[in-house]
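Examining the three-dimensional arrangement
These are the residues of each chain, in order.
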Amino acid sequence: MSHSETTASADPSSAWFSVRRGILNLLSLLAIVIVGLSLSSSWFQPPPQTQLDLLQTDLALQASRTLDDPRYQDLARALLGQDVFKVAQNRYQQTADNYTERLKRLKRLARLTPAGESEAASPELAQSPEVDPALLASMQDLQTELDALWLRLGLLYAYQEDLEAAQQQWQQIIDLERPVELESSQKGAARVLQGLWGTPRRIWPEAEVQIRNHLDGWFEAVALQQLYRLQQRSDSLNALNQQQEKLALAALFRLAVVGGIPVLGALLGLMLLLGWLGWSLWRKRPLLGPAWEVPWPGIGAQAVLTGWFLGFIALNALVPRLYIIILGLGARQLSPWQQAVALFLTYNSGALLGAGLLYRLLHAYPGWQRVLQVRLWGPWLLWGLCGYWVALPLVVLAAALSQLLLPQAGGGNPILPLLLDSHGWGARLVFLAVVSVCAPVFEEVLFRGFWLPTLSRYLPMGAAIGLSAFTFALAHLNLSDLLPLTMLGVVLGVVYSHSRNLLAPILLHSLWNTGSLVTLLVLGGAR
């Protein structure tokens with residue numbers, strides 16, 4: 001054994017460092033496994049774009065009355081097209097088929113049977129020792145969403161006088177062979193609709209209550225119109241029609257906002273992008289900023305990212321449960337306001353953990369402030385605003401590519417259903433605080449202010465921006481947003497590499513999240 005080897009083996013600090021390095025590598029491997037499992041599990045979840053498409057479809061159906069109004073006919077035709085009901089029917093049918101296939105996959109997992117074996121349901125599904133409770137809960141949620149699709153799809157068929165197809169859709173909800181655990185609360189509404197369009201017509205007790213509890217927007221109006229006609233309630237029918245005329249005009253305006261502003265923004269962003277590229281090439285300016293002089297080592301960055309991710313996963317499971325215990329309620333009993341507060345506490349506990357890990361590493365290395373720079377003066381406002389417009393067409397293109405390459409990819413932002421279920425502005429303001437303030441500040445400090453400069457120490461600037469953007473997308477743990485968020489991360493990285501001011505990517509990120517939230521609120525107006 002050489003002298004150097006003897007010295008190293010006798011040095012307890014060196015041995016302890018090796019042990020810590022090994023533990024860190026094992027924890028990093030665990031984090032990678034969790035990311036992989038989360039991405040694979042998101043495959044079984046409905047993709048967020050599907051939900052957004054259905055919201056826009058509902059809005060188009062709500063606005064369909066304006067097609068017969070000479071005052072708004074031209075605008076309505078431009079926004080809705082000529083055959084809005086056929087388009088809506090096809091979209092709902094495709095979504096229902098997608099959800100059905102996902103549910104079949106979950107059933108195969110729950111029963112541990114090969115794909116080719118029978119899908120016959122067992123009435124004791126939950127009592128089977130092989131069925132994971134979390135898997136059963138996913139099946140129940142997906143079945144509930146699928147029943148809601150069948151309920152609405154049947155109304156679309158009935159509205160177009162295809163009564164046989166309508167009855168088939170509703171009959172799937174009343175399926176007597178379905179396991180008890182997957183029974184639907186919408187069975188009563190399905191029976192009501194079968195009676196209203198059946199032969200002979202039949203009005204079930206509490207028909208109006210069932211319709212109002214399980215339908216909304218255009219679908220609720222169509223079902224109530226049929227009910228009022230059979231009951232010969234002309235006053236109620238006239239009042240409903242007057243209300244629908246007002247809602248149709250509001251829906252048309254919402255569609256104009258949702259469809260028009262992003263298109264104009266994307267065109268502006270494309271012009272800005274081409275102009276900036278042309279100016280940079282003409283003036284021979286680099287497309288990316290220079291690398292940073294980072295004082296901390298790569299292993300320190302690995303420790304921060306691994307510690308934050310694993311801690312965030314743990315807090316994401318622990319904080320909501322503690323909150324529910326304190327309130328003395330069940331998870332499904334939380335109001336939208338309480339869910340918003342739970343989200344606020346969960347996210348910010350993870351952000352505080354990340355901030356603590358960052359501080360512990362950085363305060364030992366003088367000069368870190370030159371990397372994570374925040375300056376009130378300078379062109380950061382221009383970089384943030386222009387970066388937002390440029391990101392619009394690029395992220396839309398990445399989303400289209402994602403749908404082409406991964407059409408079955410699921411997942412999405414968990415805030416989306418919570419936001420759509422919230423009706424008071426208190427809960428929405430809490431969601432806005434998380435989405436538009438907390439998330440942009442923390443994520444930009446971590447991924448652009450810390451991780452991107454660290455990577456630039458070891459990689460070319462383009463590769464560092466790409467890898468930091470991909471890490472940023474992976475941290476959101478869903479397949480459907482992987483490519484779009486990577487593209488957004490690239491734009492954020494380019495903006496920070498030039499501006500050298502964290503306020504620029506924070507502004508861009510905040511504008512992006514706020515725009516997405518406002519779009520959801522506008523689309524949700526159909527319901």
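Residues numbered from 1 in each chain as written. Predicted model: local features only at pLDDT ≥ 70, side-chain atom pairs only at ≥ 80, totals over all residues. Heavy atoms only, no water.

**What to know about the overall build of the protein**
- Of regular secondary structure, the protein possesses 19 helices and 0 strands.
- In the protein, which comprises 527 residues, the share counted as buried stands at 44%.
- Considering only contacts in the protein between residues 6 or more positions apart, those separated by 24 or more positions represent 76%.
- Put simply, the protein shows about 26,900 Å² of open surface, and 63% of that area lies on carbon and sulfur atoms. (Helix = DSSP H or I, 4+ residues; strand = E, 2+ residues; numbered from the N terminus. Buried < 20%, exposed > 50% of the residue type's maximum accessible area, 1.4 Å probe, protein only. Contact = heavy atoms within 4.5 Å. Areas by Shrake-Rupley, 256 points an atom, 1.4 Å probe, with all protein chains shown as cover.)

**Considerations on unusual backbone geometry**
- The residue after Thr199, namely Pro200, is reached through a cis peptide bond having omega 0°.
- Even without glycine at this site, Glu161 takes up a positive phi of about 70°.
- Tracing the chain through its elements places Glu161 in the loop between α6 (133-159) and α7 (163-173).
- Of note in the backbone geometry, Gln232 takes a positive phi value of approximately 55° without being a glycine.
- Considering the arrangement of structural elements, one finds Gln232 in the loop between α10 (217-231) and α11 (234-282).
- In this structure Gln232 comes out as exposed when scored by relative accessible area, which is 70%.

**A look at the pattern of salt bridges**
- Overall, the coordinates contain 7 salt bridges when judged by the stated rule.
- A salt bridge links Asp69 to Arg71, with the nearest nitrogen and oxygen atoms 2.9 Å apart.
- Where Arg233 meets Glu208, a salt bridge forms, and the shortest distance between an N and an O atom there is 3.1 Å. Taken together, the positions of Arg233 in the loop between α10 and α11 and Glu208 in helix α9 (residues 207-214) put the pair 25 residues apart, joining distant regions of the chain.
- Within this structure, Glu208, Arg212, Glu220 and Arg233 form a network of salt bridges that share partners. (Salt bridge = Lys/Arg side-chain N within 4 Å of Asp/Glu carboxyl O.)

**Focus on the packing of helix α16 (residues 425-456) against helix α19 (residues 503-523)**
- Where α16 contacts α19, the two axes come as close as 8 Å, and the packing angle between them is 150°. The orientation of α16 relative to α19 falls into the category roughly antiparallel. α19 is crossed by α16, and the crossing has right-handed handedness. Listed contacts from α19 to Trp425, Arg428, Phe431, Leu432, Val435, Ser436, Ala439, Pro440, Val441, Glu443 and Glu444 of α16 are Pro505, Ile506, His509, Ser510, Asn513, Thr514, Leu517 and Leu521. (Axes fitted to C-alpha atoms, helices over the stretch in contact; angles between N-to-C directions. Parallel < 35°, antiparallel > 145°, perpendicular 65-115°, else oblique. Left-handed = near helix turned anticlockwise from the far one by under 90°.)

**A short note on the packing of aromatic side chains**
- Per the stated rule, a full pass over the model turns up 16 aromatic pairs.
- Their ring planes at 50° and their centres at 5.9 Å tell us that Trp308 and Phe442 sit as a pair that is tilted. Of this pair, Trp308 sits in helix α12 (residues 298-327) while Phe442 sits in helix α16, and the two are 134 residues apart along the sequence. Here Trp308 and Phe442 have matching classes, each one buried.
- Pairing Tyr388 with Trp512 gives two aromatic rings, centres 6.1 Å apart and planes at 70°, and the pair type is edge-to-face. Here Tyr388, found in helix α14 (residues 380-405), pairs with Trp512, found in helix α19; they are 124 residues apart in sequence, far enough to count as distant. As far as the burial class goes, Tyr388 and Trp512 line up, both buried.
- Clustering of aromatic rings is evident, with ring pairs tying together Trp308, Phe309, Phe312, Tyr347, Phe442, Phe447 and Phe472.
- One cation-aromatic arrangement involves Arg448 over Phe472; the distance from NZ or CZ to the ring centre is 4.5 Å. (Phe/Tyr/Trp six-rings, centres within 6.5 Å; stacked < 30°, edge-to-face > 60°. Lys NZ or Arg CZ within 6 Å of the ring centre and 35° of its normal.)

**Overview of the environment of Trp425**
- Looking at where Trp425 falls in the secondary structure, it is placed in helix α16.
- You can call Trp425 exposed: its relative accessible area is 56%.
- For the pair Trp425 and Trp337, spaced 88 residues apart in sequence, the C-alpha to C-alpha distance is 9.1 Å.

**Description of the side chain of Glu444**
- Inspection of the secondary structure assignment puts Glu444 in helix α16.
- Within the structure, the side chain of Glu444 is placed 2.6 Å from the side chain of His509, a separation counted as a polar contact.
- Dropping the residues within four chain positions of it, Glu444 is found in contact with Ala439, Gly449, Leu492, Leu502, Pro505, Ile506 and His509. (Polar contact = N/O pair within 3.5 Å; in protein donor to acceptor, adjacent residues only side chain to side chain.)

**Description of the nonpolar core**
- By size, the foremost hydrophobic cluster in this structure holds 59 residues, and its most contacted members are Leu155, Trp170 and Leu193.
- Once you skip the residues sitting within four places of it in the chain, Leu155 turns out to touch Trp170, Leu193, Trp197, Leu215, Trp218, Phe219, Val222 and Ala223.
- Counting 57 residues, the second-largest nonpolar core is a separate cluster that includes Leu372, Cys438, Phe442 and Leu503. (Core = buried A, V, L, I, M, F, W, Y, C linked by side-chain atoms within 4.5 Å.)

**Describing the confidence of the model for the protein**
- Averaged over all residues, the pLDDT of the protein is 85; the fraction at 70 or higher stands at 87%.
- In this model, residues 1-11 is a region of pLDDT below 50 whose contacts with residues beyond four sequence positions or in other chains number 3 contacts.
- Throughout residues 112-124 the model reports pLDDT below 50, and contacts reaching past four residues in sequence, or to other chains, amount to 18 contacts. (pLDDT = per-residue confidence, 0-100.)

**A short note on a nonpolar patch on the surface**
- A contiguous nonpolar surface patch, about 460 Å² in accessible area, is contributed by Trp16, Val19, Ile23, Leu27 and Leu30.
- On the secondary structure map, Trp16 appears in helix α2 (residues 12-42). (Patch = residues over 30% accessible without salt bridge, like charges linked within 9 Å, V, L, I, M, F, W, Y side chains within 5 Å.)

**Concerning α6**
- Between its terminal C-alpha atoms α6 stretches 39 Å, which fits the 39 Å expected from 27 residues at 1.5 Å a residue.
- Two residues or fewer past α6, Glu161 is found with a positive phi of approximately 70°. (Expected span 1.5 Å × (residues − 1).)

**Structural notes on the environment of Trp337**
- Mapping Trp337 onto the fold places it in helix α13 (residues 336-362).
- Excluding residues within four positions of it along the chain, Trp337 makes contact with Gly426, Ala427 and Val430.

**Remarks on the packing of α12 against α16**
- With their axes 10 Å apart at the nearest point, α12 and α16 run at an angle of 155° to one another. On the basis of the axis angle, α12 is roughly antiparallel to α16. Relative to α16, α12 is oriented so that their crossing is left-handed. Here α12 contributes Gly298, Ala301, Val304, Leu305 and Trp308 to the contact with α16, which in turn contributes Phe442, Leu446, Phe447, Phe450, Trp451 and Thr454.
- Looking at side-chain class alone, the contact of α12 with α16 contains 9 nonpolar, 2 polar and no charged residues. (Nonpolar A, V, L, I, M, F, W, Y, C, P; charged D, E, K, R; others polar.)

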